[in-house]
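Inside the fold
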Amino acid sequence: MIWYTVLVAAVGIERVAELAVARRNMRWSLARGAVERGRGHYPAMVALHTGLLLGCLAEVWSAHRPFLPALGIPMLAVTVLAQGLRWWCIRTLGPRWNTKVLVVPGLPLVDAGPYRLHGLRHPNYVAVVAEGAALPLVHTAWITALVFTVLNAWLLAVRIRCENQALALAGAAT
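All of these numbers come straight from a predicted model, not from anything done at the bench.

1. Overview of the side chain of threonine 99
- Relative to the assigned elements, threonine 99 resides in the loop between α3 (69-93) and β2 (101-103).
- On the basis of relative accessibility, which here comes to 12%, the residue threonine 99 falls in the buried class.
- Side-chain polar atoms of threonine 99 contact the side chain of tyrosine 42, separated by 2.9 Å.
- Once residues lying within four places of it in the same chain are set aside, the contact partners of threonine 99 are Leu19, Ala22, Tyr42, Met45 and Arg159.

Okay, structure coming up:
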């Protein structure tokens, strides 16, 4: 269980790195006229993602969840791939990527990297969904995986609607 705690802590450190990138990118966006949208759902998003990490550890430690290699190894691979996809999205969007909904008016939609894949308008959320299911299942924390997945589905519906409205209001090319 110690190595799983290290894995979850590493994901937590990665989240802190994301927040640092987002803070820098927010300054860039605001300097170019961006307006923040969706402030109401942002605290819920922070709480849910924090809860995912805490839930993983709490369930594994308190319920003595076993590591099952047949489940844990593939879920670890999915977790690592999700991190790779997330950072591919961050790199592709550059200063336009953020954890908040900030759209610089008049900029066209990005159509490079994972955003060039037709039918995959929000690849970063594919990473979020995959990681939210896989990270807990690395060590059979199935309750955390289920609760996060259900709550995240609701939150992503709100978030994606908010992002799409913000893009339309900013006049981004579609």
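Past the structure itself, the notes keep going.
2. Things to note about the layout of surface pockets
- Estimated volume of the largest pocket: approximately 1,100 Å³.
- As for the largest pocket, its lining consists of 48 residues, and the residues nearest its centre are Trp97, Asn98, Asn124, Tyr125 and Glu163.
- Among the elements of the structure, α1 (2-31), α2 (42-62), α3, β2, α4 (123-137) and α5 (142-170) are those that each provide at least two residues to the lining of the largest pocket.
- Its residues assigned to classes, the lining of the largest pocket shows 27 nonpolar, 11 polar and 10 charged.

3. A closer look at the nonpolar core
- Ranked by size, the top nonpolar core spans 23 residues in total, and within it Tyr4, Val8, Cys56 and Leu135 carry the most contacts.
- Secondary-structure elements contributing two or more residues to this core are α1, α2, α4 and α5.
- Ranked by residues supplied to this core, first place goes to α2 with 7 residues.
- Once residues lying within four places of it in the same chain are set aside, the contact partners of cysteine 56 are Tyr4, Val8, Leu135, Pro136, Ala141 and Thr144.
- If you look at the next biggest cluster of nonpolar residues, it comprises 10 residues, including Leu85, Leu93, Trp97 and Tyr115.

4. Quick look at the pattern of salt bridges
- Summed over the entire model, instances satisfying the criterion amount to 8 salt bridges.
- A salt bridge links glutamate 14 to arginine 15; the shortest N-O distance between them is 2.3 Å.
- One salt bridge in this structure joins arginine 65 and glutamate 59, with 2.9 Å as the shortest N-O distance. Note on accessibility: arginine 65 and glutamate 59 belong to one class, buried.
- Three or more residues joined by partner-sharing salt bridges are found here, namely Glu14, Arg15, Glu18, Arg86 and Glu131.

Quick notes on the rules
Numbering of residues starts from 1 in each chain and follows the order in which that chain's sequence is written. Predicted model: local features are reported for residues with pLDDT of at least 70 only, side-chain atom pairs are reported and counted for 80 or more only, and whole-chain, interface and lining totals are derived from all residues. In computing side-chain properties, one takes all heavy atoms of the structure into account and sets aside hydrogens as well as water. Under the DSSP-based scheme used, a helix requires at least four consecutive residues in state H or I and a strand at least two consecutive residues in state E, with every element numbered from the N terminus. When accessible area is computed with a 1.4 Å probe and restricted to protein chains, residues below 20% of their type maximum are described as buried, those above 50% as exposed, and intermediate ones as partly exposed. In protein, a polar contact requires one atom able to donate a hydrogen and another able to accept it; more generally it is a pair of N or O atoms within 3.5 Å, and residues adjacent in sequence count only if both atoms are side-chain atoms. Between two residues, a contact is recorded if the distance between any of their heavy atoms is within 4.5 Å. Here a cavity is any set of points on a 1 Å grid over the protein atoms alone where a 1.4 Å probe fits but cannot get out, and a pocket is any open set with protein on both sides within 12 Å along at least 5 of 7 lines; a residue lines the site when it has an atom within 4 Å of a point. Grid points are joined across faces, edges and corners, and a volume is the space filled by probe spheres set on the points. Charged residues are taken to be Asp, Glu, Lys and Arg, nonpolar residues to be Ala, Val, Leu, Ile, Met, Phe, Trp, Tyr, Cys and Pro, and polar residues to be all remaining types, Gly included. Definition used in this section: a nonpolar core is a set of buried Ala, Val, Leu, Ile, Met, Phe, Trp, Tyr and Cys residues joined via side-chain atoms within 4.5 Å. The term salt bridge refers to a side-chain nitrogen of Lys or Arg lying within 4 Å of a carboxyl oxygen of Asp or Glu.

In short, the description is geometric, and any link to function would need to be established separately.
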